[in-house]
Amino acid sequence: MATRSDHSDVPPTRTIDPIDPPPASDRPTTAMLKGDIDSGRTGDKNPVFDPGLSPLGTDDEAAGTPPSPFRVALARRYENVERWMKGARRTGAAHNKQDGFPVVFVSFIGAVGAILVVGIWMARAV
């Protein structure tokens, strides 16, 4: 009999395995563009599989206007090369995993604490 700690009913996931970038192609597809993003080649995210409810390009295909291979090739080029031609964009502190100390939050908590202490002290003095 299976217990709650037995995870045999959970399907395996690919979300923790690194993704290899797709090869160059004369007729690229939206799946290749998604592969570029998932592999980390575009610099948008960590290089692991990112499951989605609706794969990239599904809305266009449902509307009857799938992107042409030229447009997908243009998007792949822009995402992989042209975005970085002027140097890497400045990333935020969270992207670099350097969140820093929350000065404003701690200051607010300290101010609320000081107001409560003064209020209680004044209420006892009366």
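Throughout, a residue's number is its position along its own chain's written sequence, starting from 1. Under the rules for a predicted model, residues below a pLDDT of 70 receive no local features and side-chain atom pairs below 80 are neither given nor counted, while totals for whole chains, interfaces and linings still include all residues. The side-chain figures draw on all heavy atoms in the structure; neither hydrogens nor water molecules are used.

Engineer: Looking at this model, I keep getting lost on the overall build of the protein chain. Mind explaining?
Structural biologist: Secondary structure assignment for the protein chain yields four helices and zero strands. Helices (α) and strands (β) of the protein chain occur, in sequence order from the N terminus, as α-α-α-α. Considering only contacts in the protein chain between residues 6 or more positions apart, those separated by 24 or more positions represent 62%. Only the protein chains shown count as cover for residues, and the accessible areas themselves come from Shrake-Rupley with a 1.4 Å probe. Total accessible area computed for the protein chain in this model is approximately 10,400 Å², and 63% of it derives from carbon and sulfur atoms. Only DSSP runs of H or I with at least four residues qualify as helices, and only runs of E with at least two residues qualify as strands; both kinds are numbered from the N terminus onward. Any pair of residues with heavy atoms lying within 4.5 Å of one another is described as a contacting pair.

Engineer: Which parts of the structure should I look at to understand the environment of proline 67?
Structural biologist: For proline 67, the position within the fold is in the loop between α2 (58-62) and α3 (69-80). Classification of residues uses two cut-offs on accessible area relative to the type maximum, computed with a 1.4 Å probe and protein chains only: under 20% is buried, over 50% is exposed, and between them is partly exposed. For proline 67, a relative accessible area of 27% puts it in the partly exposed group. Through-space distance from the C-alpha of proline 67 to that of threonine 29 is 8.4 Å; in sequence the pair is 38 residues apart.

Engineer: Just to check I follow, could you spell out the pattern of salt bridges for this structure?
Structural biologist: Side-chain pairs of opposite charge can arise where the charged atoms are in close proximity. In the sections that follow, a salt bridge refers to a side-chain nitrogen of Lys or Arg positioned within 4 Å of a carboxyl oxygen of Asp or Glu. Scanning the model with the defined rule gives three salt bridges in all. Here aspartate 36 and arginine 76 are joined by a salt bridge, their closest N and O atoms 2.6 Å apart. Residue aspartate 36 is located in helix α1 (residues 30-38), and its partner arginine 76 is located in helix α3; the two are separated by 40 residues in the primary sequence. The residues aspartate 36 and arginine 76 share a single accessibility class, namely buried. When salt bridges with common partners are traced through the structure, they connect Asp36, Arg41 and Arg76 into a single cluster.

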